[in-house]
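Each chain, letter by letter, is given below.
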Amino acid sequence: MEANSGKAKAKRGWPWWAEAALVGAVGVLSVQEAYIGAGGTLRTPAAALVAASSLALPLRGRWPWWVAACSVVTAAAFGTVWPLLVVLFHLAQRGRGGVGALCAAAALAGSLVIQPAASLWTTRTYGPLLLPAVVLLLGLWAGSRRRLVVSLDEQVQHLRVERELRAEQARLGERTRIAAEMHDVLAHRLTVLALHTGALQGRAEELPEPVVERVGMLRRTSTEALADLREVLGALRATDADEVRATGARPEDLPALLDEARGARQRVEAVISGEATAVSTSHRLAIHRVVQEALTNARKHAPGALVEVAVSYGPPKSTVVVRNRPGTSSGSAPVASGFGLIGLTERVNALGGRLEFGPSGAGGWRVTAEIPVGAGPSHADSSHAGAA
């Protein structure tokens, strides 16, 4: 849509006030020449025809051939070249330089036949071909520049649309991964619930009748919910070997990630406070992904730099702050996309949190995230709830 509007703007040409100024200037110069040629009077057919030829110039975009013919006749019959120059520039700008050259040649040839006394060959001290040639060259240059500007504008619009599509693809990919991870987590918890209720059903003779009925209902509900969950989200499960388990779901996964980064000779200083088991699995996954992405970006864009990681588990909220100092140049800078951070923003926003990233000053980079911890037992870890 925007590219089409750019094309339409390029086709419209000059603004109305510039067009009016051009027509006025050409009309004054042309009528002045006719006035001088008629011996100091304006009441001549030449002055009227020259003025009409000048006033017809705004129609050169809609009817270029009629306006060109009118300007050629005016130049050949009365020696007034100004409307012809405007038409030559217009034709050359629109990629019709050959037609413009034919119009100039017709005007020069016609002036020799119709009115030799006012011939375009004799009245110009700078030569008969210089002025039309210069105007044609300027028109060709202006036309090529206009087409270049339109082409660059279209490329910018295409790149903008492509970036928006890639960003949307990154958001959808992150949503898919979140759904797959939650499928794993919920399937595990529903399976545990079904197993416990099944064990209770095995001891039904030791339980009161109402309790046995409630246990049976819980057993059926959990089994049906597990089947529905697998039917709806089973297609979202990852098939790659590194995506079989939702990495980052366990409390010990974040320290393992930091140790892995140190093992890759990345300088990492980390401070982790709070109880990871006090937050939900999706909460831990989001924190793990934020730290993972920040460490990866620091390795790519600031190799050798010290990375400071501070993680504080809630309640009432968990915070993540990852800073890296300027690194040494690696000779070839990697291509920056920023789509990993877009996916992280989608993940954190889905949990009601906020993710911010940007320069920290002195050439460093900073990533911060705040994720509120929801109230209620459903947000607690399964192992933590079992201990209670």
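Calculation rules
- Residues numbered from 1 in each chain as written.
- Predicted model: local features only at pLDDT ≥ 70, side-chain atom pairs only at ≥ 80, totals over all residues.
- Heavy atoms only, no water.
- Buried < 20%, exposed > 50% of the residue type's maximum accessible area, 1.4 Å probe, protein only.
- Helix = DSSP H or I, 4+ residues; strand = E, 2+ residues; numbered from the N terminus.
- Arc of directions from axis to C-beta.
- Salt bridge = Lys/Arg side-chain N within 4 Å of Asp/Glu carboxyl O.
- Patch = residues over 30% accessible without salt bridge, like charges linked within 9 Å, V, L, I, M, F, W, Y side chains within 5 Å.
- Areas by Shrake-Rupley, 256 points an atom, 1.4 Å probe, with all protein chains shown as cover.
- Axes fitted to C-alpha atoms, helices over the stretch in contact; angles between N-to-C directions.
- Parallel < 35°, antiparallel > 145°, perpendicular 65-115°, else oblique.
- Contact = heavy atoms within 4.5 Å.
- Nonpolar A, V, L, I, M, F, W, Y, C, P; charged D, E, K, R; others polar.
- Pairing = 2+ DSSP bridges.
- Left-handed = near helix turned anticlockwise from the far one by under 90°.

### Points about helix H3 (residues 45-55)
When H3 is considered as a whole, its buried residues turn out to be Ala46, Ala47, Val50, Ser53 and Ser54. The buried residues of H3 all sit within an arc of 130° when viewed along its axis, so they share a single face. Residues of H3 that are exposed and point more than 90 degrees away from the buried face comprise Pro45 and Leu55.

### A short note on the pattern of salt bridges
When the charged atoms of two side chains with opposite charge come close together, those side chains can pair. Applying the stated criterion across every chain, the model contains seven salt bridges. When the shortest N-O distance is used, the salt bridge between Arg262 and Asp259 registers 3.2 Å. Residue Arg262 and its partner Asp259 are located together in helix H9 (residues 253-263), separated by three residues, close to a single helical turn. Overall, the relative accessible area of 47% leaves Asp259 in the partly exposed class. In this structure, the salt-bridge partner of Glu370 is Arg354, at a minimum N-O distance of 3.4 Å. Taken as a pair, Glu370 in strand S5 (residues 364-372) and Arg354 in strand S4 (residues 354-361) lie far apart in primary sequence, 16 residues in all. Judged by its relative accessible area of 30%, Glu370 falls in the partly exposed class. What emerges from the salt-bridge pattern is a single network uniting Lys317, Arg354, Glu356 and Glu370.

### Let's talk about a nonpolar patch on the surface
On the surface, Leu59, Trp63 and Trp66 cluster together to form a nonpolar patch covering roughly 400 Å² of accessible area. Residue placement: Leu59 occurs in the loop between H3 and helix H4 (64-78).

### Points about the environment of Val192
Examined against the element boundaries, Val192 turns out to sit in helix H7 (residues 130-201). When its relative accessible area of 32% is taken as the criterion, Val192 is described as partly exposed. For the pair formed by Val192 and Ser222, sequence separation is 30 residues and the distance between their alpha carbons is 9.3 Å.

### Thoughts on the packing of H9 against helix H10 (residues 281-301)
Axis separation between H9 and H10 bottoms out at 10 Å; the angle between their running directions is 10°. In terms of axis orientation, H9 runs roughly parallel to H10. Only Ile287, His288, Val291, Gln292, Leu295 and Arg299 of H10 make contact with H9, whose side of the interface consists of Asp253, Leu254, Leu257, Leu258 and Ala261. Taken together, the residues of the contact of H9 with H10 sort by class into seven nonpolar, two polar and two charged.

### Regarding the sheet that holds strand S3 (residues 317-324)
Read from one edge of the open sheet, five strands run S1-S2-S3-S5-S4, paired in mixed fashion. Strands with a single pairing partner mark the edges of an open sheet, and in this sheet they are strand S1 (268-273) and S4. With direction set aside, neighbouring strand axes in the sheet form an average angle of 10°. Note that S1 and strand S2 (residues 307-312) share six bridges and pair parallel. Paired with Ser273 across the strands is Ser312, a residue of S2. On top of the sheet, H9 reaches S1 and S2; it is set at about 170° to S1, its chief contact.

### Let's talk about the packing of H4 against helix H5 (residues 82-93)
Closest axis-to-axis distance for the H4/H5 pair is 8 Å, and the angle between their directions is 145°. In this structure, H4 crosses over H5, and the sense of that crossing is left-handed. Contacts between H4 and H5 involve Val67, Ala68, Ser71, Val72 and Ala75 from the first element and Pro83, Leu84 and Val87 from the second. A class-by-class count of the residues in the contact of H4 with H5 yields seven nonpolar, one polar and no charged.

### A closer look at the pairing of S5
In this structure, S3 lies alongside S5, joined through eight bridges in antiparallel fashion. Bridging from a neighbouring strand, Asn324 pairs with Trp365 of S5. As defined by bridge partners, S4 adjoins S5 across seven bridges and the pair is classed as antiparallel. Bridge pairing links Glu356 to Thr368 in S5. Where S4 folds back on S5, the antiparallel hairpin that results is connected by two residues, among which Ala362 adopts a positive phi of roughly 60°.

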